[in-house]
Amino acid sequence: MDEGTEMSLSIAQVVQRLKGSHLHSQIERQAKDCLHRPEIKLESLKEDVRSYLKTSGWEKKLQNAVYRELHLQLPPSHPTAPPEHLKEPLAYMRKAQASWEKRILKSLNSMSTELGVPLARQVGRPAAEQKELTDKWNEMGTDEPDLSRFRPVYAPKDFLEVLISLRNPNHDSREEISARSHWGLIQVPLNVRDIPQLRQAYSELNLTSGQLGIDDHAHVHPDLFENDYVQIGQKVVVEQDSAAAQQYSRRGCPTGLRADLWALILNSTNQLQDVMHYEQLKAGVIQHDLLVDNLIYKDVKLTASNDDYYFVFEDFLYQVLLCFSRDTGVLEHFKYNSATPPKSYLHGKVGDEDYAVVYPPNGVIPFHGFSMYVAPLCFLYNEPSKLYSVFREMYIRYFFRLHSISSSFSGIVSLCLQFERLLQTHLPQLFYHLRQIGAQPLRIAFKWMVRAFSGYLSTDQLLLLWDRILGYDSLEVVAVLAAAVFAFRAENLMEVTSLASAEAVLADLSTLKVIPLIQIFLFATAI
């Protein structure tokens, strides 16, 4: 397809998606209402209405909505390409993802059978139970249900084993020239960027640019960088421009502006309809209980509740994750996600497709550590509906890629391969040493990457990292940081003699400063 055709297709897709939106009807109403205004003349009607929509801020809202759609829509492809090719172009990746989904669903169904707990009750919660849940909605953390029988459906290490076993049947690995190609655990040929390309892509992180996370420290006078940078950030927030906010975020967001900037980048407006949507989801939680509710409770208890930074947000996590599991709007993202929402059958109708329903309603089965995608956001938003809409947007843009098998350059397979390639290329002695003692670096780093480092870094550092994920619209920086951590601890790691001692060296990342590590690894490493 030529560039003009691609552009036309993209425009048509965006127009189609926005036509049925709430924003479309709001703009239509504004355009009709403004016809009664004295400055609107019949002879220049089109221009006058346009000018009114521009000055009243509606044009900017439309631009932000278009910008969001461009981030979410599928890359242009051949008009006759089948839908599964749009989700994931490589057949062996689609096959591996489908096989993994079957395993997860089988695990969930066997838990349901073993425990005698249905996936969902045919009738809703009894009235007394509904009232009790409504009363304690804001203090669910005080509840101590017996969850000893429930276990996470899977943990990141189970998922890693699946990724390690991935092979491209059309690729003969003997053709590889480099001896290093077999050092790592990931054995699929995908294009990932090396340091020279990363330097180009992440040029704003270079050593000469001011950065939040470095130049806002106490020993640096605020007049040198911070004061001016914060003023620019305030202007960006006032302008309400998503593209400008994203560009600004590349060098970090000031603490006082971060919540507004992230919401602006994600076009998460938290208008009345968003609040109503959240309340509807909450009503759904109160009326019906699901088996996955227990998995959510269990996960929060196992992870965030035991975390020094996040245990205070336990109630928020339950609220957001229980509502998320009921949100059928999340199913939209499966158009560009290699995964397919799992289906279950109504009681007594197993195998009959007419009685198959998506389960859970949002199509996402939570795994061990899932709640850590929400926890850091609790530092930014204390209004549940706002927290919910920002998390939902973060998930459908980024986090889903961390637990689905795909060839996307921001997907977990590419991140693992990129991490291994960066280490192999720039720290070959360290990589070889760890491999020889049975401590493959990816076995240690995988748990960091699958959670985008949530729960491993101190919160201020994690938020600085996530600023860059949003700013560059990519999870690549997660793989770069993982490699940078190994580079930083290389001296100690060269002394270890087992996987356990290597893990001990890397057990505590809470004192690390993220941005200096990334900068030094990308811009001060000899090529």
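Scroll up to find the structure this text is about.
In short, a report on the structure. (Residues numbered from 1 in each chain as written. Predicted model: local features only at pLDDT ≥ 70, side-chain atom pairs only at ≥ 80, totals over all residues. Heavy atoms only, no water.)

**What about the overall build of the protein?**
For the protein, the helix and strand inventory stands at 24 helices and 2 strands. Per-residue burial over the protein gives 51% buried out of 527 residues. Restricting the contact set of the protein to residue pairs at least 6 apart, pairs at least 24 apart contribute 77%. If you sum the accessible surface of the protein, you get close to 25100 Å²; carbon and sulfur atoms cover 54% of it. (Helix = DSSP H or I, 4+ residues; strand = E, 2+ residues; numbered from the N terminus. Buried < 20%, exposed > 50% of the residue type's maximum accessible area, 1.4 Å probe, protein only. Contact = heavy atoms within 4.5 Å. Areas by Shrake-Rupley, 256 points an atom, 1.4 Å probe, with all protein chains shown as cover.)

**A word on the packing of aromatic side chains**
In total, this model carries 29 aromatic pairs according to the counting rule given. Here Phe367 and Tyr373 contribute two aromatic rings whose centre-to-centre distance is 6.2 Å and whose plane-to-plane angle is 75°, an arrangement assigned as edge-to-face. You'll find Phe367 and Tyr373 in the same group, each marked buried. Their ring planes at 55° and their centres at 5.8 Å tell us that Phe370 and Tyr395 sit as a pair that is tilted. (Phe/Tyr/Trp six-rings, centres within 6.5 Å; stacked < 30°, edge-to-face > 60°.)

**Some remarks on the pattern of salt bridges**
Counting across every chain of the model gives 14 salt bridges. We note a salt bridge from Glu132 to Lys136, for which the minimum N-O separation is 3.7 Å. When its relative accessible area of 45% is taken as the criterion, Glu132 is described as partly exposed. Overall, Lys136 belongs to the buried group, its relative accessible area being 16%. A salt bridge links Lys335 to Glu332; the nearest nitrogen and oxygen atoms lie 3.4 Å apart. Judged by relative accessible area, Lys335 falls into the partly exposed class, the value being 47%. (Salt bridge = Lys/Arg side-chain N within 4 Å of Asp/Glu carboxyl O.)

**A word on the packing of helix α8 (residues 156–164) against helix α19 (residues 441–450)**
If you want to describe how two helices pack, look at the angle between their axes and the distance between the axes. For the pair α8 and α19, interaxial distance at closest approach is 10 Å and the crossing angle is 115°. Considering the relative orientation of α8 and α19, their crossing is right-handed. Taken together, the residues of α19 that come into contact with α8 (itself represented by Pro156, Phe159, Leu160, Glu161, Leu163 and Ile164) are Leu442, Arg443, Phe446 and Val450. Grouping the constituent residues of the contact of α8 with α19 by class yields 8 nonpolar, no polar and 2 charged. (Axes fitted to C-alpha atoms, helices over the stretch in contact; angles between N-to-C directions. Left-handed = near helix turned anticlockwise from the far one by under 90°. Nonpolar A, V, L, I, M, F, W, Y, C, P; charged D, E, K, R; others polar.)

**Quick notes on helix α13 (residues 272–287)**
The first and last C-alpha atoms of α13 sit 23 Å apart over 16 residues, in line with the 22 Å expected at 1.5 Å per residue. Its buried side turned inward, α13 meets α7 (127–135), α15 (314–325) and α16 (384–397). (Expected span 1.5 Å × (residues − 1).)

**Quick look at the nonpolar core**
As a rule of thumb, nonpolar side chains are buried together in soluble globular proteins. The biggest cluster of nonpolar side chains holds 156 residues, and the ones touching the most others in it are Phe391, Trp448 and Phe486. The leading source of residues in this core is helix α21 (residues 476–488), at 10 residues. Ignoring sequence-local partners within four residues, the contact set of Trp448 consists of Phe453, Tyr456, Ala482, Val485, Phe486, Leu506 and Leu509. (Core = buried A, V, L, I, M, F, W, Y, C linked by side-chain atoms within 4.5 Å.)

**A few points about helix α11 (residues 242–249)**
Within α11, burial applies to Ser242, Ala245, Gln246, Tyr248 and Ser249. All buried residues of α11 fall inside an arc of 160° around its axis, so they share one side. With a side-chain oxygen lying 3.0 Å from the backbone nitrogen of Ala243, the N-terminal cap of α11 falls on Asp241. (Arc of directions from axis to C-beta. Polar contact = N/O pair within 3.5 Å; in protein donor to acceptor, adjacent residues only side chain to side chain.)

**A look at the packing of α21 against helix α24 (residues 514–523)**
Interhelical geometry of α21 versus α24 gives an angle of 85° and a closest axis separation of 9 Å. Viewed along their axes, α21 and α24 adopt a mutual orientation that is roughly perpendicular. Residues Val477, Val480, Leu481, Ala483, Ala484, Val485, Ala487 and Phe488 of α21 touch α24, and the partners they reach there are Val514, Leu517, Ile518, Phe521 and Leu522. (Parallel < 35°, antiparallel > 145°, perpendicular 65-115°, else oblique.)

**Regarding unusual backbone geometry**
What is expected of a backbone is that most residues other than glycine have negative phi and most peptide bonds are trans. Backbone torsion omega between Tyr359 and Pro360 reads -10°, so that peptide bond is classified as cis. Turning to its location among the elements, Pro360 is positioned in the loop between β2 (356–358) and α16. Despite not being glycine, Gln240 has its phi angle at roughly 55°, a positive value. If you trace the backbone, Gln240 turns up in the loop between α10 (226–239) and α11. The phi dihedral of Asn267 is positive, around 55°, even though this residue is not glycine. As for its placement among the helices and strands, Asn267 is situated in the loop between α12 (258–265) and α13.

**Some thoughts on the environment of Val236**
By the element assignment, Val236 lies in helix α10. The exposure class assigned to Val236 is buried, which follows from its relative accessible area of 11%. Not counting the four nearest positions on each side in its chain, Val236 is found in contact with Asp241, Ala244, Ala245, Tyr248, Leu261 and Leu264.

**Focus on the side chain of Asp299**
Here Asp299 is to be found in helix α14 (residues 291–302). Here Asp299 sits buried without a salt bridge, and the closest side chain of opposite charge, Arg451, lies 6.4 Å off (N-O distance). There is a polar contact of 2.8 Å between the side chain of Asp299 and the backbone nitrogen of Ser371. The residues contacting Asp299, other than those within four sequence positions of it, are Ala304, Phe367, His368, Gly369, Phe370 and Ser371. (Lys, Arg positive; Asp, Glu negative; His and termini not counted.)

**Observations concerning the side chain of Ser404**
Its location among the elements puts Ser404 in the loop between α16 and α17 (412–426). Classification of Ser404 by relative accessible area gives buried; the value is 3%. A polar atom in the side chain of Ser404 sits 3.4 Å from the side chain of Asn337. Non-local contacts of Ser404, meaning those with residues more than four positions away in its chain, are made with Gln97, Phe159, Asn337, Ser338, Ala339 and Ile412.

Read these as spatial facts, not as claims about activity.
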